[in-house]
Amino acid sequence: QVQLVESGGGLVQAGGSLRLSCAASGVAFSINSMGWYRQAPGKQRELVAVVTSGTSTNYADSVKGRFTASRDKAERMVYLQMSSLKPEDTAVYYCYADARVRPLANTTDYWGQGTQVTVSS
């Protein structure tokens, strides 16, 4: 099993910045992708940014140029630096990891408990 714990959410004014962190722990043979999704009230969960095992990053169009995801593979951490925040970025942000717990096992998706980000106008 892999546990993901997020930190760094909070309340910020529009135009401000926040940095989210996520630490992975538990038993995992390998972690492929790590990243972030978010879910706003009444909406489906959506991809924000995911860093692949090869360190390339996929971003949602809505956050390109404002958010930067990074990953420390050795420490099993993933970060999300959010700048120029907008009220529409308000959501619960979930850490995500795609991991294999044994060498020949299928990969499994893991999720953190979520951290609230609120951007006031």
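Being a predicted model, the structure only gives us computed values, none of them experimental.

A. Layout of the overall build of the protein chain. Along the protein chain, the regular secondary structure elements total zero helices and eleven strands. Helices (α) and strands (β) of the protein chain occur, in sequence order from the N terminus, as β-β-β-β-β-β-β-β-β-β-β. Rg of the C-alpha trace for the protein chain: 14 Å, near the compact-globule value of 14 Å for 121 residues, within the 12% margin. Here the C-alpha coordinates of the protein chain stretch approximately 50 × 25 × 25 Å along the principal axes.

B. Main features of the sheet that holds strand β8 (residues 77–82). Spatially, the four strands line up as an open sheet ordered β1-β3-β8-β7, and their pairing is antiparallel. In this open sheet, the two strands that pair with only one neighbour each are β1 (2–7) and β7 (67–72). Between one strand and the next, the sheet's axes are offset by a mean angle of 15°, whatever the strand orientation. Bridge analysis of β7 against β8 gives six bridges, and the strand direction is antiparallel. Bridging across to β8, Thr68 finds its partner in Gln81.

C. Spotlight on the environment of Ala40. Of note, Ala40 is situated in the loop between β4 (30–39) and β5 (46–51). Distance in space between the C-alpha atoms of Ala40 and Pro87 is 11 Å, their sequence separation being 47 residues. If sequence neighbours within four positions are ignored, Ala40 has contacts with Thr90 and Ala91.

What counts and what doesn't
Residues numbered from 1 in each chain as written. Predicted model: local features only at pLDDT ≥ 70, side-chain atom pairs only at ≥ 80, totals over all residues. Heavy atoms only, no water. Helix = DSSP H or I, 4+ residues; strand = E, 2+ residues; numbered from the N terminus. Rg over C-alpha atoms; globule rule 2.2 N^0.38 Å. Pairing = 2+ DSSP bridges. Axes fitted to C-alpha atoms, helices over the stretch in contact; angles between N-to-C directions. Contact = heavy atoms within 4.5 Å.

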